[in-house]
Amino acid sequence: MNPKRELFATSEYYSGGGQVREAVGGTDIEISASLTVTMRVSITKDVFSPGNSALRDVYQPRGRCVAVLDAVVDRHYGAALRAYFSYHGIELIAMVCPAAEPDKTLRTAEAILEFLGVNNCNVARDEPILVVGGGVISDTAGLAAALLHRRTPYVMLATSVVAAVDAGPSPRTCVNGDQFKNSIGAYHPPVLTLVDSGLFATLESRHIRHGMAEIVKMAAVDELRLFELLEEHGERLLATKFGSVGHDEELRKVGDEVLHRSLLSYLRHEGTNAFEIYQDRPHAYGHTWSPGFERHAGLLHGHAVAIDMALSTTLAELVGWLPGPDRERILALSRRLGLAVYDPILESSEILLAGQEAMRSKRGGRALWAPVPRGQVGAVGYLEEVPAELLAEAVRRNRLHAEGLPGGGRGVDAFLDAKPIH
Ligand SMILES: NC(=O)c1ccc[n+]([C@@H]2O[C@H](COP(=O)([O-])OP(=O)(O)OC[C@H]3O[C@@H](n4cnc5c(N)ncnc54)[C@H](O)[C@@H]3O)[C@@H](O)[C@H]2O)c1
C-alpha cells in the first residue's frame, strides 16, 4: 500500500479525489474522479454598512478585492461599496461592466477575462472574485471565472430578484449562443452568494415582477407553502419591492421568508445537482419551450418562463395529471402578479417545435423530460414526450384563456427594450 501523500489544495473551496484501476488482463486504465465544491448562501441586511462583516471576512485576509460590477448597480451602490472596502482597509480593484441582456456575450466574458488576467489584476486561481449585480452579470462574469485558470472561485452579491433566488447561486454560468439562449457555458457555482433585499429598492418594478416568475416556478412544482405565501403577499411584495420601499419591516420579513424558501427549494435540487448529473430537475419548469421563443418574442426572461409555465400547466391538465382548479390556481397567481400567460409567438408552431426538438437533444436526446405540476400545486412530474397535436391543443386552450384577459394575457411590461429578432 502507498503511504498517504500530502496534498496541497489549490483552493479552500474545492476538494476531490479519485481512483485509478488497471483493467484485468488488458492495457486499459479506468479512472474515476470527483469534485466537491463547498458553497454558502446567505440572506443578509445592509450589506455595505461597516458593521456587516460578510464581505470583509472574505477579502480582509487577502488585503484586496477584485470585483466585476454591473454598470447600473455601480451607479446606485458604487459609492457605498467603495466606502465599505475603504473603511475596512481593503483595496478594491473594480471593473464596471455594461450588463444588459444584449451584453450577455462571449465578447463581454472575454473583456472580463482580460481585466482579471495577467495583463491586469493577475488574479490567482484561489482568489475569489466579487461579482455584483443581476442575472446577466452573474452568468457572464461567472463564466469568465470558470474559464480563468480553468476554475477560479467567485462570490456573488445578488442585487436583483432573479439573481437572489436563481441565477445568483446557480451553477449554470453562461452567455447567449445563436441557437439558444444561455447555450454557451460551464457548471461553476459561486462559493458564496449574498442576498440583500434592501438593494431591490432601486430595481425597476418590471425587473421585480419578472423575477417573481422564478419564484412562482419553484412554488408551483416544489413548495406549496411558498405558493400560498405568494398568493397572500405576492402583490404587496411586488408593489413595495419586497418591503424595501417604505421600510415596511413586517413585509420585509415576509419577503425574506419568500426568498429563503425559494432558495431552499432551489438548492435542495440544484445545489446537490450542481453539475447537472440528473435530468429530472423541477426547476426546469417554464424552461422547456421558452428558450426557443424568448428572444424571438423579445420578452423579458421571467415573462417567457411564465408563458411556458402556463403552457406546461395546461399540458399537465390535458394528460390528466392536474385537476382543472389547480391549473386555474397557477394561472391566476401569474395573472395577479402581472406575468404573461400567453404570447402569439406560441402560434408559430415551427418556432415552438424547433425549440422543443432542440431542448430534447440538449436534455440528452432520449426524452423531453418537461417538468409540469403533477397531482397538485407544489408537486412535479415529467412529461417524457409531447406530441405536436397535444402541444397545439394546449396552445389553443391558452389562447382561449388569454382572449378574455386584459392585453390578451401578455403581462405587464413584459418586453425587453431591445427589438425582438424575427
Ligand atoms: N444561470 C441561471 O441558472 C439563470 C437562472 C435564471 C435567470 N438567468 C438569467 O438571468 C437574467 C435575468 O436576470 P435579471 O433580471 O437579474 O437581469 P439583469 O441582470 O439584466 O438585471 C435587470 C436590470 O436591473 C439592473 N439592476 C440589477 N440590480 C439592480 C438594483 N439593485 N438596482 C437597480 N438596478 C439593478 C441591471 O443593470 C439590469 O438593467 C437572464 O439573462 C436569464 O437568462 C440565469
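What you are looking at is a predicted structure, and each value in this text was computed from that prediction instead of being measured.

Participant: Looking at this model, I keep getting lost on the confidence of the model for the protein chain. Mind explaining?
Facilitator: When pLDDT drops low, the exact placement of atoms in the prediction is not to be read closely. In this model, the protein chain carries an average pLDDT of 94, and 97% of its residues clear a pLDDT of 70 or more. In the predicted structure, residues 418-422 sits below a pLDDT of 50 and forms nine contacts with residues beyond four places in sequence or in another chain.

Participant: Teacher, can you tell me more about the environment of Cys65 here?
Facilitator: Along the chain, Cys65 falls in strand β4 (residues 64-70). Judged by its relative accessible area of 0%, Cys65 is buried. In the structure, Cys65 is positioned 65 residues away from Leu130 in sequence and 6.9 Å away in space, judged by C-alpha atoms. Those residues in contact with Cys65 that lie beyond four places of it in its chain are Tyr59, Phe85, Ile90, Glu91, Leu92, Ile93 and Leu130.

Participant: Looking at this structure, how should I read unusual backbone geometry?
Facilitator: In terms of backbone geometry, most residues other than glycine have negative phi values and most peptide bonds are trans. The residue Asp46 is not glycine, and still its phi comes out positive at about 50°. Checked against the element boundaries, Asp46 lands in the loop between β3 (40-43) and α1 (54-59). Unlike most non-glycine residues, Arg150 shows phi in positive territory, near 70°.

Participant: Would you take a moment to explain the pairing of strand β5 (residues 91-97) for this structure?
Facilitator: Regular strands have side chains that alternate between both faces of the sheet. Bridge analysis of β4 against β5 gives seven bridges, and the strand direction is parallel. Looking at the pairing, Asp70 lines up with Cys97 of β5. Note on the crossover from β4 through helix α2 (residues 71-87) to β5: the handedness is right-handed.

Participant: Where do I start with the nonpolar core in this structure?
Facilitator: The nonpolar side chains of a soluble globular protein tend to be buried, and buried together. Within the largest apolar cluster, 66 residues are counted, with the highest numbers of intra-cluster contacts made by Phe242, Trp289 and Phe293. Sort the elements by how many residues they give to this core and helix α6 (residues 205-222) lands first, with nine residues. Split by domain, this core shows at least three residues from each of two domains, domain 1 (40-271) and domain 2 (282-409). Excluding residues that lie within four positions of it along the chain, Phe293 makes contacts with Leu299, Ala304, Ile307, Asp308, Ile345, Leu346, Ile351 and Leu352.

Participant: Whenever I open this one, the domain arrangement of the protein chain confuses me. Can you help?
Facilitator: Interface size is commonly expressed as the accessible area that is lost once the parts come together. Looking at the protein chain, the domain boundaries give domain 1 (40-271) and domain 2 (282-409). Computed over C-alpha atoms, the centres of domain 1 and domain 2 are 27 Å apart. With 33 residues of domain 1 in contact, the opposing surface of domain 2 contributes 33 residues. Remark: the boundary between domain 1 and domain 2 carries two salt bridges. Measuring nitrogen to oxygen at the nearest pair gives 2.9 Å for the salt bridge that ties Glu231 to Arg329. Seen at the junction of domain 1 and domain 2, the total is 10 residue pairs in polar contact (both at pLDDT 80 or more). For the side of domain 1 that touches domain 2, the elements supplying multiple residues, two or more each, are α6, α7 (224-239) and α8 (249-271). Of the residues forming the side of domain 1 that touches domain 2, the biggest block, 14 residues, is contributed by α6. A per-class count over the side of domain 1 that touches domain 2 returns 13 nonpolar, eight polar and 12 charged.

Participant: Before we go on, may I ask you to explain the site of the ligand in this structure?
Facilitator: In the vicinity of the ligand, 28 residues are found, and the nearest of them are Glu101, Gly135, Ser160, Thr202 and His210. One of the backbone nitrogen or oxygen atoms of Val136 is found 3.0 Å away from an oxygen atom of the ligand. Here Arg172 contributes a backbone N or O atom positioned 2.8 Å from a nitrogen atom of the ligand. The protein chains hide 92% of the 850 Å² of surface that the ligand would expose on its own. The set of elements that each furnish at least two residues to the shell around the ligand consists of α2, α4 (135-147), α5 (161-167) and α6. The element contributing the most residues to the shell around the ligand is α2, with four residues. Counted by class, the shell around the ligand contains nine nonpolar, 11 polar and eight charged residues.

Reading the values: the criteria
Residues numbered from 1 in each chain as written. Predicted model: local features only at pLDDT ≥ 70, side-chain atom pairs only at ≥ 80, totals over all residues. Heavy atoms only, no water. pLDDT = per-residue confidence, 0-100. Contact = heavy atoms within 4.5 Å. Helix = DSSP H or I, 4+ residues; strand = E, 2+ residues; numbered from the N terminus. Buried < 20%, exposed > 50% of the residue type's maximum accessible area, 1.4 Å probe, protein only. Pairing = 2+ DSSP bridges. Right-handed = clockwise from strand over helix to strand, strands pointing away. Core = buried A, V, L, I, M, F, W, Y, C linked by side-chain atoms within 4.5 Å. Domains from an automatic or database assignment. Salt bridge = Lys/Arg side-chain N within 4 Å of Asp/Glu carboxyl O. Polar contact = N/O pair within 3.5 Å; in protein donor to acceptor, adjacent residues only side chain to side chain. Nonpolar A, V, L, I, M, F, W, Y, C, P; charged D, E, K, R; others polar. Near = heavy atom within 4 Å. Areas by Shrake-Rupley, 256 points an atom, 1.4 Å probe, with all protein chains shown as cover.

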